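Letter by letter, the chains look like this.
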Amino acid sequence: MTRAHQGNLAADVLDRMSAHAGAPDDRELCPVRDVLDRVGQKWTILVMVALHAGPRRFSALHRAVADISKRMLTRTLRDLERDGLILRTVYPTKPPAVDYTLTPLGRSSLEAMATLIGWAEGHHDEIRQARRAFDAALSQETRP
């Protein structure tokens, strides 16, 4: 894909998004918002990246995603399962063993996420520098 085509693709995506901008506050009428609401949640990408290598049990996911509470991991896994991005499998053992894996739909989303992750890595220093400059300017404004 050439840069010119990528630019046209981005413009096309932005045009489609702006077509939904005036839609009522109903996520079902705006597919972009409906999907990005999930993907944009704090833990979603981290959990899905942790599942990239293959199935994991809850405790392994909890260790892999630093700082997530068990309650939030449970909620994130349920949301991802509801959206068809992961599959929860319960094995009939005592106690029951449960693992989580990406579905084909979830796996297909990783390419787009990888692009976003790469962008974040590539621009992290710039963003941190902009934050420092903003915070410094803000602190100068609030000084008496």
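Computed from a predicted model, the values in this text were never measured in an experiment. (Residues numbered from 1 in each chain as written. Predicted model: local features only at pLDDT ≥ 70, side-chain atom pairs only at ≥ 80, totals over all residues. Heavy atoms only, no water.)

A. Quick look at unusual backbone geometry. The omega torsion across Lys 94 and Pro 95 is -10°, close enough to zero to call that bond cis. Relative to the assigned elements, Pro 95 resides in the loop between β2 (86-91) and β3 (97-102). Positive phi values are uncommon outside glycine, yet Asp 67 reaches one of about 75°. Tracing the backbone through its elements, the reader meets Asp 67 in the loop between α4 (58-64) and α5 (70-82). (Helix = DSSP H or I, 4+ residues; strand = E, 2+ residues; numbered from the N terminus.)

B. Main features of the environment of Pro 96. Tracing the sequence through the fold places Pro 96 in the loop between β2 and β3. A residue is classified by how much of its surface remains accessible, and Pro 96, at 53% relative accessible area, is exposed. Discounting chain neighbours no more than four positions away, the residues touching Pro 96 are Val 90 and Tyr 91. (Buried < 20%, exposed > 50% of the residue type's maximum accessible area, 1.4 Å probe, protein only. Contact = heavy atoms within 4.5 Å.)

C. Region of interest: the confidence of the model for the protein chain. Within the protein chain, residue pLDDT values average 84, and 76% of them lie at 70 or more. Counting contacts from residues 1-5, a segment whose pLDDT is below 50, to residues more than four positions away or on other chains yields two contacts. (pLDDT = per-residue confidence, 0-100.)

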